[in-house]
Amino acid sequence: MLTRKQHELLMFIHERIKETGVSPSFDEMKEALDLASKSGIHRLITALEERGFLRRLPHRARALEVVRLPEEATAGSRSRTPFKPQVVETARPASPANDIRELPVLGRIAAGTPIDAIQHERDRVQVPETLLGAGEHFVLEVQGDSMINAGILDGDQVIIRRANTANSGEIVVALVGEEATLKRLRKRGASIALEAANPAYETRIFGPDQVQVQGRLVGLIRRYH
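Residues numbered from 1 in each chain as written. Predicted model: local features only at pLDDT ≥ 70, side-chain atom pairs only at ≥ 80, totals over all residues. Heavy atoms only, no water.

Our focus in this paragraph is the overall build of the protein. Across its full length, the protein holds four helices and 13 strands. When burial is assessed residue by residue, the protein has 44% of its 225 residues classed as buried. At a minimum sequence separation of 6, the contacts of the protein that also span at least 24 residues come to 62%. (Helix = DSSP H or I, 4+ residues; strand = E, 2+ residues; numbered from the N terminus. Buried < 20%, exposed > 50% of the residue type's maximum accessible area, 1.4 Å probe, protein only. Contact = heavy atoms within 4.5 Å.)

Quick look at the packing of aromatic side chains now. Enumeration over the complete set of coordinates arrives at zero aromatic pairs. When the ring centre of F53 is taken as reference, the NZ or CZ atom of R68 above it lies at 3.9 Å. (Phe/Tyr/Trp six-rings, centres within 6.5 Å; stacked < 30°, edge-to-face > 60°. Lys NZ or Arg CZ within 6 Å of the ring centre and 35° of its normal.)

Here helix α1 (residues 4-20) contains 17 residues, and its C-alpha end-to-end distance of 24 Å stays within 8% of the 24 Å for a straight helix at 1.5 Å per residue. When we look at burial in α1, the residues that qualify are K5, Q6, L9, L10, M11, F12, I13, E15 and R16. A positive backbone phi angle near 85° is found at G21, which sits one or two residues after α1. (Expected span 1.5 Å × (residues − 1).)

The α-helix advances 3.6 residues per turn, and as a result positions three or four apart in sequence lie on the same side. The end-to-end C-alpha distance of helix α3 (residues 38-50) is 19 Å, a good match for the 18 Å that 13 residues give at a rise of 1.5 Å each. When we look at burial in α3, the residues that qualify are G40, I41, L44, I45, A47 and L48. What you see down the axis of α3 is that its buried residues fit within an arc of 160°, all on one side. In α3, the exposed positions angled more than 90 degrees off the buried face are occupied by R43 and E50. Where α3 is buried, its residues touch α1, α2 (26-32), β1 (54-56) and β2 (64-66). (Arc of directions from axis to C-beta.)

Turning next to the pairing of strand β13 (residues 211-222). With 10 of its 12 residues buried, β13 lies for the most part within the structure. By the bridge criterion, six bridges tie strand β8 (residues 157-162) to β13 in an arrangement that is antiparallel. Bridge pairing links V158 to L220 in β13. Relative to β13, strand β9 (residues 171-176) is paired through five bridges, and the arrangement is antiparallel. Residue pairing for β13: V176 is matched across the bridge by V211. (Pairing = 2+ DSSP bridges.)

Evaluation of the coordinates by the stated rule reveals 15 salt bridges. Salt-bridge contacts for D34 lead to R216; the nearest nitrogen and oxygen are separated by 3.7 Å. Taken together, the positions of D34 in the loop between α2 and α3 and R216 in strand β13 put the pair 182 residues apart, joining distant regions of the chain. Among the residues examined, D34 registers a relative accessible area of 25% and is labelled partly exposed. A cluster of three or more residues bridged by salt bridges with shared partners is formed by R4, K5, E8, D34, R161, E170 and R216. (Salt bridge = Lys/Arg side-chain N within 4 Å of Asp/Glu carboxyl O.)

Here's what the structure looks like:
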């Protein structure tokens with residue numbers, strides 16, 4: 001059984017090797033996991049080696065090989081959507097506890113045609129710490145259906161870790177001009193593609209200076225009435 005950080009690092013290395021053919025650098029892994037130092041990455045890699053998920057290739061720089069993936073990852077690899085939302089059911093209010101953090105709800109985000117950019121705080125929600133990890137987080141309400149094949153529905157609230165960079169394949173809040181949207185980011189040479197997870201919507205291509213990453217998706221909240 002892997003810890004959340006071990007699983008997150010393993011899948012990040014797997015996706016990077018699949019996309020580029022080489023494993024990510026320690027700096028890239030540190031940034032992707034929002035860790036303060038490379039020593040944390042060394043510990044995670046050592047733990048993954050000991051459990052038989054990773055292997056270091058000798059005499060080669062940046063040489064990591066993914067030996068195997070967790071069963072749940074291989075079972076869910078039918079499409080190009082490595083993100084599987086961690087859903088928090090909120091039919092009943094969360095009880096106060098030390099492992100709960102209050103996050104601001106900053107408005108709506110389009111999963112369809114972009115709408116106005118992130119607004120000011122209008123509410124607060126309680127979110128389990130296990131979904132968050134390090135960094136600053138906020139919540140946005142999803143409007144639209146362009147990410148339904150990634151498990152993100154109209155009316156869901158997405159939990160976003162604030163960041164200004166993202167790796168290819170991650171679902172992000174992207175600011176295009178003065179409009180914000182929730183899409184999967186793909187790096188295509190010098191261009192950036194914002195992909196929907198619904199075949200009814202086209203992929204939009206932009207120059208690198210046209211897209212500003214506002215944050216990366218880490219989970220979502222779904223209300224059951």
